[in-house]
Amino acid sequence: MAVQHPKGRRATTLLTSVFGPYAQDDEFGSRAINPMELYHNQVTREQGAFSLRMFHRSWGITMIQENVTAPCTVLDFPTREAFARELTRHRYEVVGISSIICNVGKVKEMCRMVRELSPQSTVVVGGHVAAIPGLEGMIDADHIVKGEGVAWMREYLGDRVEAPIRHPDLVSGYGTRALGIPDVIGGGATAATIIPSVGCPMGCNFCTTSAFFGGKGKFVNFFESGRELFEVMCRGEQVLGARAFFIMDENFLLQRERALELLDHMKRGEKSWDLYVFSSANAIRKYSIEELVDLGISWIWLGLESPQSSYSKLAGVDTREMTRQLQAHGIKLLGSTIVGLEHHTPENIHQEIEHAVAHQTDFHQFMLYTPVPGTPLFQQMSQEGRMLAEVDLADIHGQYKFNFEHGAIPRDESKRLLDWAFVRDMERNGPSVFRICRTMLKGWQRYKSHADERVRQRFEREAFKLKTAYAGLLWATEHHIRAANKAISEQVRALRLEIELEFGAFARLAAKALGPVLLWTARREEKRLQSGWTYEPRTIIERRNWTSGA
């Protein structure tokens, strides 16, 4: 653990993410192919104007800020100039920089800037970048923190390490847009982020999160009980107005006792909440459909690596049947598939991608099999001499090319296959905005007369979106893709007509009134994107325990 800073709880602290811009190629390691937009980057990137665009806060530094008593500033998504301004306008005893591995060039530059502009500051570097072997020789930092940062920073700043965790009030995403329109997907509803745990006990060999927080079988619980989670969520509802919660836990459903205790409190408190969770197939099987629906599970990020893989989380599970069953009950799925596993060859890889696409999940993430520093896979490939030394750390993010020598697939071919997977998913299944409407309608039709008012209310909220904004969105989708993909256009039309039949004149009017407007904005957005248009997150500055003299 850390030695304590001489000023302890009086040490004025700056916690910052790396500087932008991000969606461009630059000298510090940014890549146009790797923007600061999770969904557009890794899930919907080939869906054009229909791609889901949003930014997510740097939750780690916000969690640390909430749990130290020192005067503390969070600087999220700064420009290089904003970072320099913050260093010169305030005297900071501690500057903490958080980053993922591919942004190590920016971390190096920010360390240099601190030494120049704020020489009295102690520099602390954390986040996944800390997993890089030999990082201490690459950057000028006083401390490099590997693993969970709240406990480290509490000890360093003289706070009680074992004190209960205070959860910050976190909006899940901001800057949400699709078809060139802000918040057309969310409908104005606020979703809050809740972080119950970090790490994943499943321990897949390629998983950076599992490796960073202790590896297979290990995780760190911030909240041990369902009661504690319920109290945090009640605060999110009260402060943020949230009725939907993005549960940032690598395998939330794996801790069944905690989840069912949360459900018990939700029932007693008559809470009709939507939960968006990560889970593994083997964890989902621990629950009945009734339990998942009662718990408010609205969306699941589900690993679908390969039917031929040896990962225990998929053992004995028919994932296509599981997907169909969950969607039939209104639960939206984001499938995640790894391209370039060890058993993949030029002869079987297309079949494996087709298998993934055949799940017809509402969203689908594709990532290259990537030995990232700190993971068991990286250790294995290093020992076998298969790591490619010429690959820049800025290109190790799973969305470009292999950074290792694959047994059967050349490096350049890996990018072509990854790109084709996204294109194929769009060709076969259409835009995700269409797919989620289909799943939402199934949920509404099944549960609109459910005996539990909490369940009815949840699906009534989705039904309102279907008969208003989504009716217009489907009209625009149908007409926009008609020339390029007639088969999908006809499916969209059939769904729109089914929604109009279900909800009557209101939905028909919404489709005719909003549809042409959204079609125009979609076409405008396509033109902007084709001309090189990119999105960047706005800079956010938050101060806590702050005084005017700091």
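Residues numbered from 1 in each chain as written. Predicted model: local features only at pLDDT ≥ 70, side-chain atom pairs only at ≥ 80, totals over all residues. Heavy atoms only, no water.

**As for the pattern of salt bridges**
Scanning the model with the defined rule gives 43 salt bridges in all. The partner of Arg-115 in a salt bridge is Asp-142, and the shortest N-O contact between them spans 3.2 Å. With a gap of 27 residues between them, Arg-115 in helix α4 (residues 104-117) and Asp-142 in the loop between β5 (122-126) and β6 (143-144) connect regions that are remote in the sequence. Of the residues examined, Arg-115 reaches a relative accessible area of 25% and is grouped as partly exposed. Here Lys-448 ties to Glu-502 by a salt bridge, and the two come within 2.7 Å at their closest N and O atoms. One end of the pair, Lys-448, is in the loop between α15 (432-447) and α16 (453-466); the other, Glu-502, is in helix α18 (residues 486-503), and 54 residues separate them in sequence. Glu-502 sits in the partly exposed class, given a relative accessible area of 27%. Three or more residues are tied together by salt bridges with common partners; here these are Glu-478, Arg-482, Arg-493, Arg-496 and Glu-500. (Salt bridge = Lys/Arg side-chain N within 4 Å of Asp/Glu carboxyl O. Helix = DSSP H or I, 4+ residues; strand = E, 2+ residues; numbered from the N terminus. Buried < 20%, exposed > 50% of the residue type's maximum accessible area, 1.4 Å probe, protein only.)

**Concerning the nonpolar core**
Core analysis: the biggest nonpolar cluster contains 110 residues, and Leu-253 and Leu-275 have the highest contact counts within it. Top contributing element to this core by residue count: α15, with eight residues. Here Leu-275 is in contact with Met-233, Phe-245, Ile-247, Phe-252, Leu-262, Leu-295, Gly-296, Ile-297, Ser-298 and Trp-299, once residues within four sequence places are set aside. Ranked by size, the runner-up nonpolar core spans 33 residues in total, among them Val-95, Ile-101, Met-113 and Val-372. (Core = buried A, V, L, I, M, F, W, Y, C linked by side-chain atoms within 4.5 Å. Contact = heavy atoms within 4.5 Å.)

**Quick notes on the packing of α15 against α18**
The contact between α15 and α18 brings their axes to 11 Å, and the two run at 35 degrees. Every pair of crossing elements has a handedness; the one defined by α15 and α18 is left-handed. Within the contact between the two elements, α15 uses Phe-434, Cys-437, Arg-438, Leu-441, Trp-444 and Gln-445 and α18 uses Gln-491, Val-492, Leu-495, Glu-498, Ile-499, Glu-502 and Phe-503. Split into classes, the residues belonging to the contact of α15 with α18 amount to eight nonpolar, two polar and three charged. (Axes fitted to C-alpha atoms, helices over the stretch in contact; angles between N-to-C directions. Left-handed = near helix turned anticlockwise from the far one by under 90°. Nonpolar A, V, L, I, M, F, W, Y, C, P; charged D, E, K, R; others polar.)

**A look at the packing of α15 against helix α17 (residues 469-480)**
Between α15 and α17, the shortest axis-to-axis distance is 10 Å and the interhelical angle comes to 135 degrees. Between α15 and α17, the angle falls in the class oblique. Where α15 crosses over α17, the handedness of that crossing is left-handed. Two secondary-structure elements touch here, α15 through Val-433, Phe-434, Ile-436, Cys-437 and Met-440 and α17 through Tyr-470, Leu-473, Leu-474 and Thr-477. (Parallel < 35°, antiparallel > 145°, perpendicular 65-115°, else oblique.)

**Focus on the packing of aromatic side chains**
Under the counting rule described, the total for this entry stands at 23 aromatic pairs. Ring plane angle 70 degrees and centroid distance 6.3 Å describe the contact between Phe-206 and Tyr-369, whose orientation is recorded as edge-to-face. A residue pair is termed long-range when its members are at least 10 positions apart, and Phe-206 in the loop between β10 (197-198) and α6 (208-212) and Tyr-369 in the loop between β16 (363-368) and α13 (376-383) qualify at 163 residues. The exposure classification of Phe-206 matches that of Tyr-369, with both residues buried. Ring pairs connect the aromatic residues Trp-59, Phe-246, Tyr-276, Phe-278, Trp-299 and Trp-301, which therefore count as one cluster. When the ring centre of Tyr-287 is taken as reference, the NZ or CZ atom of Arg-256 above it lies at 5.1 Å. In this arrangement the basic side chain of Arg-543 is found over the ring face of Trp-546, its NZ or CZ atom lying 5.0 Å from the centre. (Phe/Tyr/Trp six-rings, centres within 6.5 Å; stacked < 30°, edge-to-face > 60°. Lys NZ or Arg CZ within 6 Å of the ring centre and 35° of its normal.)

**Here we look at the sheet that holds strand β8 (residues 181-182)**
Strand order in the open sheet formed by three strands is β2-β7-β8, with antiparallel pairing between adjacent strands. The outermost strands of the open sheet, each flanked by one partner alone, are β2 (53-55) and β8. Where strand β7 (residues 174-178) meets β8, two bridges bridge the pair, whose relative direction is antiparallel. Paired with Ala-178 across the bridge in β8 is Ile-181. (Pairing = 2+ DSSP bridges.)

**As for the sheet that holds strand β9 (residues 191-194)**
Here we have six strands laid out as an open sheet, ordered β9-β12-β13-β14-β15-β16, and parallel in their pairing. Looking at strand neighbours, the two that pair on one side only are β9 and β16, the edges of this open sheet. Put simply, the sheet's adjacent strands are angled 15 degrees from each other on average, direction ignored. In this structure, strand β14 (residues 297-303) lies alongside strand β15 (residues 332-339), joined through five bridges in parallel fashion. Bridging across to β15, Ile-300 finds its partner in Leu-333.

**Structural notes on the side chain of Asn-429**
Residue position: Asn-429 is located in helix α14 (residues 411-429). Here the side chain of Asn-429 touches Val-357 through a polar contact of 3.1 Å, landing on its backbone oxygen. Apart from the residues within four sequence positions on either side, Asn-429 is in contact with Val-357, Gln-360, Phe-434, Arg-435 and Ile-488. (Polar contact = N/O pair within 3.5 Å; in protein donor to acceptor, adjacent residues only side chain to side chain.)

**Description of the pairing of β5**
In terms of burial, β5 is largely enclosed, as five of its five residues are buried. Here five bridges tie strand β4 (residues 94-98) to β5, and the two strands are oriented parallel to one another. When the sheet's bridge partners are listed, Ile-97 is paired in β5 with Val-125. Once you follow β4 into α4 and on to β5, the crossover reads as right-handed. In the sheet, β5 pairs with β6 via two bridges, with the strands oriented parallel. Bridge pairing in β6 places Val-125 opposite Ile-144. (Right-handed = clockwise from strand over helix to strand, strands pointing away.)

**What to know about α15**
Between its first and last C-alpha, α15 extends 22 Å over 16 residues, near the 22 Å set by a 1.5 Å rise per residue. Within α15, 13 of the 16 residues are buried, which leaves the element mostly enclosed by the surrounding structure. (Expected span 1.5 Å × (residues − 1).)

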